[in-house]
Amino acid sequence: MTDQLALLFERTADDWCSGAQPPPLPQRFDDNVEKQSLRWTRGLRSARGLVPAVAAAAVVAVALAAAVIAQRGSATTRPIEQVAGPVPVASLGATKFRSTDAGLPSAANFGTDPHIAACSADQLEASLDLGEGQIHVHVRNAGVCVLPADLRVTLDGPVSVVNESQPDVPNPPVFNGRFLHSVGIALNAEWSGSCDSVPREGALVAADLTVPLTVTGSPAGCGSGAQVLRVGPAHLATGPGAIVPVDRARLVVTLRLPSEVSSGGEFEYQVIIANPTQSAVSLRPCPTFATSFNSAGAGFGGYGRIPCEQLPQQLNGREQVALLMTGSTQTAEPVQSDSRTTAELVWQIAGTEKATGSLDVVQRAPRTLPPVPYLAPTGEATSKSSYRYPAGNGTFPVIIEGPATARVGETLHYKVVFTDPDGGPTVPLRPCPAWTELMAQAPKVTNRPKIVERTGVLNCAQAPDHVAPGEQIVFEMERLIGPDTPPGAYQMYWQIHNGMTSAPFDVDVVN
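Computed from a predicted model, the values in this text were never measured in an experiment.

Another point: the sheet that holds strand E3 (residues 134-139). With mixed pairing, eight strands are arranged side by side in an open sheet as E5-E9-E10-E2-E3-E8-E11-E6. Only two strands of the sheet have a single partner each, and these edge strands are strand E5 (152-155) and strand E6 (160-163). Here the average twist between neighbouring strands, direction ignored, is 25°. Here strand E9 (residues 201-206) pairs with strand E10 (residues 209-216) via six bridges, running antiparallel. From the neighbouring strand, Leu204 faces E10, where its bridge partner is Val211.

If you trace the four strands from one edge of the open sheet to the other, you get E22-E30-E25-E23, paired in mixed fashion. If you trace the sheet from one side to the other, it starts and ends with strand E22 (367-368) and strand E23 (398-401), each paired once. As judged from the two bridges shared by E22 and strand E30 (residues 471-480), these two strands associate in the parallel manner. Considered in E30, the bridge of Arg367 is made with Glu471.

The next thing to look at is the nonpolar core. Ranked by internal contacts, the top residues of the largest apolar core, which has 33 residues, are Tyr269, Val271, Ile273, Ile306, Leu323 and Trp347. The set of elements that each furnish at least two residues to this core consists of strand E1 (81-88), strand E12 (252-256), strand E14 (266-275), strand E16 (288-295), strand E19 (319-328), strand E20 (339-349) and strand E21 (355-363). Sequence-distant contacts of Ile273, that is, excluding residues within four places in its chain, are made with Leu251, Val252, Val253, Ile306, Leu315, Glu319, Gln320, Val321, Leu323 and Trp347. Listed in part, the 31 residues of the second largest apolar core include Ala406, Ile481, Ile496 and Met500.

What follows covers the pattern of salt bridges. Scanning all chains against the criterion turns up 11 salt bridges. Residue Glu309 pairs with Arg98 through a salt bridge whose shortest N-O separation is 2.9 Å. Of the two residues, Glu309 is situated in the loop between strand E17 (298-305) and strand E18 (314-315) and Arg98 in the loop between E1 and strand E2 (124-129); the sequence distance between them amounts to 211 residues. Note that Arg479 and Glu437 form a salt bridge whose closest N and O atoms lie 2.2 Å from each other. Here Glu437 lies in strand E27 (residues 434-441) and Arg479 lies in strand E30, a separation of 42 residues in the sequence. As far as burial versus exposure is concerned, Arg479 and Glu437 are alike and both buried. Taken together, the shared-partner salt bridges in this structure form one network comprising Arg98, Asp101, Arg305 and Glu309.

This brings us to the confidence of the model for the chain. On average, the chain scores 83 in pLDDT, and the residues at 70 or more come to 81%. Contacts for the low-pLDDT stretch residues 1-75, under 50 throughout, to residues beyond four places or in other chains number 221 contacts.

Attention now moves to unusual backbone geometry. Glycine aside, a negative phi is what most residues show, and trans is what most peptide bonds show. Omega for the bond connecting Gly85 with Pro86 falls within 30 degrees of zero, at 0°, which places this linkage in the cis form. Tracing the sequence through the fold places Pro86 in strand E1. With a phi close to 55°, Asn176 is a non-glycine residue in the positive phi region. In this structure, Asn176 sits in the loop between E6 and strand E7 (179-180). The buried category is assigned to Asn176, whose relative accessible area is 13%. Not every positive phi belongs to a glycine, and Arg318 is a case in point at roughly 65°. Locating Arg318 in the fold gives a position in the loop between E18 and E19.

Turning to the packing of aromatic side chains, a few remarks are in order. Within this structure, the stated rule accounts for five aromatic pairs. Taking 5.2 Å as the distance between ring centres and 15° as the angle between the ring planes, the aromatic pair formed by Phe289 and Trp347 counts as stacked. Remark: Trp347 occurs in strand E20 and Phe289 occurs in strand E16; sequence separation between them is 58 residues. Like Phe289, the residue Trp347 is buried in the burial classification. Taking the centre distance of 5.6 Å and the plane angle of 25° together, the rings of Phe475 and Trp494 count as stacked. Residue Phe475 is located in strand E30, and its partner Trp494 is located in strand E31 (residues 488-496); the two are separated by 19 residues in the primary sequence. The same class applies to Phe475 and to Trp494, which are both buried.

Another point: the state of the cysteines. Counted according to the given criterion, the structure contains four disulfides. With a sulfur-sulfur separation of 2.1 Å, Cys286 is cross-linked through a disulfide to Cys308. On the sign convention where negative is left-handed, the bridge of Cys286 and Cys308, at about 95° about the S-S bond, is right-handed. Of this pair, Cys286 sits in the loop between strand E15 (281-282) and E16 while Cys308 sits in the loop between E17 and E18, placing them 22 residues apart in sequence. Taken individually, Cys286 and Cys308 each receive the classification buried, so the pair is uniform in this respect. Disulfide partner of Cys432: Cys460, at an S-S distance of 1.9 Å. Note on the Cys432 and Cys460 pair: the S-S dihedral is about 90°, so by sign convention the disulfide is right-handed. Highlighted residues: Cys432 in the loop between strand E26 (427-428) and E27 and Cys460 in the loop between strand E28 (451-457) and strand E29 (466-467), separated in sequence by 28 residues. Along the chain, the cysteines engaged in disulfide bonds are linked according to the scheme 1-2, 3-4, 5-6, 7-8 when indexed in sequence order.

What counts and what doesn't
- Residues numbered from 1 in each chain as written.
- Predicted model: local features only at pLDDT ≥ 70, side-chain atom pairs only at ≥ 80, totals over all residues.
- Heavy atoms only, no water.
- Pairing = 2+ DSSP bridges.
- Helix = DSSP H or I, 4+ residues; strand = E, 2+ residues; numbered from the N terminus.
- Axes fitted to C-alpha atoms, helices over the stretch in contact; angles between N-to-C directions.
- Core = buried A, V, L, I, M, F, W, Y, C linked by side-chain atoms within 4.5 Å.
- Buried < 20%, exposed > 50% of the residue type's maximum accessible area, 1.4 Å probe, protein only.
- Contact = heavy atoms within 4.5 Å.
- Salt bridge = Lys/Arg side-chain N within 4 Å of Asp/Glu carboxyl O.
- pLDDT = per-residue confidence, 0-100.
- Phe/Tyr/Trp six-rings, centres within 6.5 Å; stacked < 30°, edge-to-face > 60°.
- Disulfide = S-S within 2.5 Å.

Structure below.
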């Protein structure tokens, strides 16, 4: 059983339709962040929970003309000059954050669970690595707790510790450093001044908390004069933690997006970061961004890091850079006739106003291919396919259709419908791919269901060589409901290729 199918069994069909608002971005940035694409995006399901929501998510945007931006200056202000771009941005979530990156905008915050207990001193261990320039705080025994809001650092000896806080800026960053779990938190710690007699002990202190702090290493750069340690806000150890400067509010972010896109495919758009003032604005610490897509009340989001290594250190007055982004539209439930929906994109960095825009997502009725009759498994080893279907961005590319009730001892006839959207890839059926079918008692019946798995290969003798974009194919299936099957609620799943997994299908087994 694949990891993806196993994950599906952990949830009920109702879990797939919890709410109809675009989900907030994740609170935690654990070690798997860079491996997640928009899987983290947690797409929404329809109210039925068996079929994907009609979520043709994606975006569009309004490009703000240079003349409009220029209204902030005088009538003789020179046009804004492009100094970099379009610079490609890595896939959402594919880049590893750096502790010295600017904090993510507030859209990335879930908030702190009020039911989690406050941390006690005996739960925590803390250390300051002067060479790395970071304070690490871990919770013992893989527990979870919440740190106090007034947490600060002290050091023995004549060192002045400056505990910095984020100044007020538009769309302020969220550091999420109070929630402490197995990943731990970090605080950036920058040393300046003499390195003579560096202290080796200190403490994390709050009104009701004192945690010993061990000090290791030597500062990366030693100067002269008074010893000062500047400590930034607490943030998750794998997330960004630098303060966003107040002058970033001078920047204006706008979008250049296509006027229309096809559902189920990828598209490119540009993000323009402009400095319409006469004064320079630094692009360091490197901005981190969050983006969300929504259409008809459903959507998904993502986050990432701007490729600052390919951009200038600052934007001088009347300069701008362009970022090349890749977006994707969600595969919608198949339609009987062409449809057009409006989708919205929000793109933001902390310290500036959000950029928003809208575009049309077009979904065309699929071309129907002849159905593929059922081919019973032979018991021989099934074939393997190296093909991987792209991530569904929260929707399932395969839907099971069948009766809501099946009788013990009889054969359940059902159909597996795969719709390749207009913007989708060509899906090969050569070499002939294997299918996997899973059936288990529904999670609402038991949280430890007995899983019955079957595998076989498609009836490729009566199947096309491939399924092209804009085509729909039906695989006819049969399953004997054995006489020893206990009556009750069940869920079924079906899969071919990596990534082509069905939505959960509910069926009641009766005598």
